[in-house]
Amino acid sequence: MGKIITVFGSSQPKPGEEEYETAYKLGRMLGEAGLSVCTGGYHGIMDAVSKGVVEAGQKALGVTVNSFKSVPSSYLTEEIVCDTLFERISRLVDIGDAYIVLKGGTGTLLELSVVWEYMNKNLLDRKPVACEGEMWEPLVKLIDERMLFENREQNLVSLFRTIENCAEYIINSV
């Protein structure tokens, strides 16, 4: 299998809603560029990205958790079942050659934080990380200011206002 992009985002958006359709478009763009995706494997953004990439002829891996009482996305080409949330997050991070963070809540924030901290502590080779949407701008800027204060590397996470620019960055970076 070629390069795999791990995509993090909310499980809440439904087909027809802007966040879902944006994620679907992202999946199509990545798939058309010959990239596969890895997600948390369930609904919302995870389902939309998987649908888009599979329709473009690429693979959609889903990393699910035994204890979750949810049905995985029907678009997955491969399901990787984990016993715990922490095992799931580790697998999502390990599988990705790059990461895209779309809108989401505390779970998405946790996933971004793990990737960021692993790179910050040199526990993970530096890989492209792209956050799409205005919601991430204040957080990324705040953490980068703190990293400057702590004499640590800044700009580990790139910000994008459009899904097209986000996809282009990732496609050209892997």
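Keep in mind that what you see is a predicted model, and the values were worked out from it rather than measured.

Novice: Looking at this structure, I do not really get the environment of G52. What am I missing?
Specialist: With respect to the helices, strands and loops of the structure, G52 is situated in helix 2 (residues 45–55). In the structure, G52 is positioned 43 residues away from G9 in sequence and 15 Å away in space, judged by C-alpha atoms.

Novice: Before we go on, may I ask you to explain the pattern of salt bridges in this structure?
Specialist: When the charged atoms of two side chains lie near each other, side chains of opposite charge can form a pair. In this structure the tally under the stated criterion is nine salt bridges. Here E55 makes a salt bridge to R28, at a shortest N to O gap of 3.4 Å. Of this pair, E55 sits in helix 2 while R28 sits in helix 1 (residues 18–32); the two residues are 27 residues apart in sequence, bridging distant segments of the chain. Residue classification places E55 among the partly exposed residues on the basis of a relative accessible area of 41%. Of the residues examined, R28 reaches a relative accessible area of 26% and is grouped as partly exposed. The structure contains a network of salt bridges with shared partners spanning R28, E32 and E55.

Novice: Sorry if this is basic, but what is going on with the sheet that holds strand 3 (residues 60–65) here?
Specialist: Strand order in this open sheet of seven strands is 4-3-2-1-5-6-7, and the pairing throughout is parallel. With partners counted over all chains shown, the strands left at the sheet margins are strand 4 (78–82) and strand 7 (158–160), one partner each. Each adjacent strand pair in this sheet contributes to an overall mean axis angle of 25°, direction not counted. Sheet topology note: the strand 3/strand 4 ladder contains five bridges and is parallel.

Novice: How should I be thinking about the pairing of strand 5 (residues 98–101) in this particular structure?
Specialist: The side chains of a regular strand alternate between the sheet's two faces. The side-chain alternation of strand 5 yields two buried faces, one formed by A98 and I100 and the other by Y99 and V101. With four bridges connecting them, strand 1 (residues 4–8) and strand 5 associate as parallel partners. For I5, the partnering residue across the bridge sits in strand 5 and is A98. Pairing of strand 5 with strand 6 (residues 129–132), which is carried by three bridges, proceeds in the parallel orientation. Following the sheet pairing, I100 is matched in strand 6 by A130. For the handedness criterion, the β-α-β arrangement of strand 5, helix 4 (residues 106–120) and strand 6 is classed as right-handed.

The rules behind the values
- Residues numbered from 1 in each chain as written.
- Predicted model: local features only at pLDDT ≥ 70, side-chain atom pairs only at ≥ 80, totals over all residues.
- Heavy atoms only, no water.
- Helix = DSSP H or I, 4+ residues; strand = E, 2+ residues; numbered from the N terminus.
- Salt bridge = Lys/Arg side-chain N within 4 Å of Asp/Glu carboxyl O.
- Buried < 20%, exposed > 50% of the residue type's maximum accessible area, 1.4 Å probe, protein only.
- Pairing = 2+ DSSP bridges.
- Axes fitted to C-alpha atoms, helices over the stretch in contact; angles between N-to-C directions.
- Right-handed = clockwise from strand over helix to strand, strands pointing away.

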